[in-house]
Amino acid sequence: MMPMRSTTIVAVKRNRQVAMAGDGQVTLGETIVKQSARKIRRLYKDKVLAGFAGSVADALSLFQRFEEKLEEFRGDLKRAAVELARDWRTDRVLRRLEALMIVADLENLLLITGAGEVIEPDGDEKGSVLAIGSGGPYAAAAAKALLKFTDLDAPTIASEALKIAASLCVYTNDQIVLETIP
């Protein structure tokens, strides 16, 4: 899979709260074509957050498929994620989709890839972090440092980490969309 140079999504889990932040920039090659896209969605009765990096059309297809899996498995995030990843890897049409997804509920924070992987990040008593997209490594590093060395809440950490990523990555802007549960 080619590297995603399209966005930054970061998710932070801390103290029974999950926050997901995404930038609003959409690029076509080297050109910025939109500043205020929403790359994060609330799913399954507002109990699940999902964010994507990659092709917008592909991601919207994945959101729809993932929401169907959540309904099928009555909100069981891990089961829905595993089933989506399996379908994504084995279905000839889905296999061509170029995107990555982070999904989260109060219990789980997961990365889903088209290679059939469902990855849960390491965490500790302070919390856990996942980030994807071109600015993902910057956002992840910033979020992990803020998680370790401050008492900031999950939404503040996610927002600040994305601001740091936007200051470093040309494919990430500071038009932040932030969603939290609860």
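All values reported here derive from a predicted model rather than from experimental measurement.

(A) The arrangement of the packing of helix α1 (residues 56-72) against helix α2 (residues 77-90) in detail. For the pair α1 and α2, the least separation of the axes is 9 Å and the interaxial angle reads 135 degrees. Here α2 runs oblique to α1, going by the angle between their axes. The two elements α1 and α2 meet at a crossing, and its hand is right-handed. Contact residues: α1 offers Leu62, Arg65, Phe66, Lys69 and Leu70, while α2 offers Leu77, Ala80, Ala81, Glu83, Leu84, Asp87 and Trp88. Residues of the contact of α1 with α2, tallied by class, amount to eight nonpolar, no polar and four charged.

(B) Structural context of the nonpolar core. Core analysis: the biggest nonpolar cluster contains 24 residues, and Phe66, Leu70, Met101, Val103 and Ile112 have the highest contact counts within it. Where this core is concerned, the elements lending two or more residues are β6 (48-54), α1, α2, β7 (99-104) and β8 (109-112). Looking at which element gives the most residues to this core, the answer is α2, with six residues. With 17 residues, the next largest nonpolar core counts Val10, Ala143, Ile157 and Leu162 among its residues.

(C) Broad picture of the sheet that holds strand β11 (residues 127-133). Across the sheet, which stays open at both edges, the five strands sit in the order β10-β11-β1-β2-β12 with antiparallel pairing between neighbours. Edge strands, defined here as strands with exactly one partner in the open sheet, are β10 (123-124) and β12 (177-181). As judged from the six bridges shared by strand β1 (residues 8-14) and strand β2 (residues 17-22), these two strands associate in the antiparallel manner. Looking across to β2, one finds that Lys13 is bridged to Val18. Sheet strands in contact with helix α3 (residues 136-149) are β1 and β11, and its direction is about 165 degrees off that of β11.

(D) Layout of the packing of α3 against helix α4 (residues 154-168). At a minimum axis separation of 8 Å, α3 and α4 run at an interaxial angle of 140 degrees. Taken together, α3 and α4 sit at an angle that is classed as oblique. When you trace α3 past α4, the crossing you get is right-handed. The residues of α4 that touch α3, namely those facing Tyr138, Ala139, Ala142, Ala143, Leu146 and Leu147, are Ile157, Glu160, Ala161, Ile164, Ala165 and Leu168.

(E) Representation of unusual backbone geometry in the model. Here Ile181 and Pro182 are connected by a cis peptide whose omega angle stands at -15 degrees. Tracing the backbone through its elements, the reader meets Pro182 in the segment after β12. A positive phi is found at Asn15, a non-glycine position, where the angle reads about 50 degrees. Relative to the elements of secondary structure, Asn15 occurs in the loop between β1 and β2. A residue is classified by how much of its surface remains accessible, and Asn15, at 67% relative accessible area, is exposed.

Rules used throughout
Numbers given for residues are sequential positions, taken from 1 along each chain in its written order. Two thresholds apply to this predicted model, a pLDDT of at least 70 for residue-level local features and 80 or more for giving and counting side-chain atom pairs, whereas whole-chain, interface and lining totals are computed over all residues. As a convention, hydrogens and water are excluded, and side-chain values are obtained from all of the structure's heavy atoms. Simply put, an axis is a line fit to the C-alpha atoms, just over the touching stretch for a helix, and the angle between two N-to-C directions goes from 0 to 180 degrees. Secondary structure elements are defined from DSSP: runs of H or I of at least 4 residues count as helices, runs of E of at least 2 residues count as strands, and each element is numbered from the N terminus. Note on angle classes: values under 35 degrees are labelled roughly parallel, values over 145 roughly antiparallel, values of 65 to 115 roughly perpendicular, and the remainder oblique. A clockwise turn of the near helix away from the far one marks a right-handed crossing, whereas an anticlockwise turn of less than a right angle marks a left-handed crossing. Only heavy atoms matter for contacts: two residues are in contact if any of them lie within 4.5 Å across the pair. Classification used: nonpolar for Ala, Val, Leu, Ile, Met, Phe, Trp, Tyr, Cys and Pro, charged for Asp, Glu, Lys and Arg, polar for all others including Gly. By convention a nonpolar core is built from buried Ala, Val, Leu, Ile, Met, Phe, Trp, Tyr and Cys residues, the set being connected through side-chain atoms within 4.5 Å. The cut-offs for exposure are 20% and 50% of the maximum accessible area for each residue type, with area from a 1.4 Å probe on protein chains only; residues under the lower value are buried, those over the upper are exposed, and the others partly exposed. If DSSP finds at least two bridges between two strands, the strands pair.

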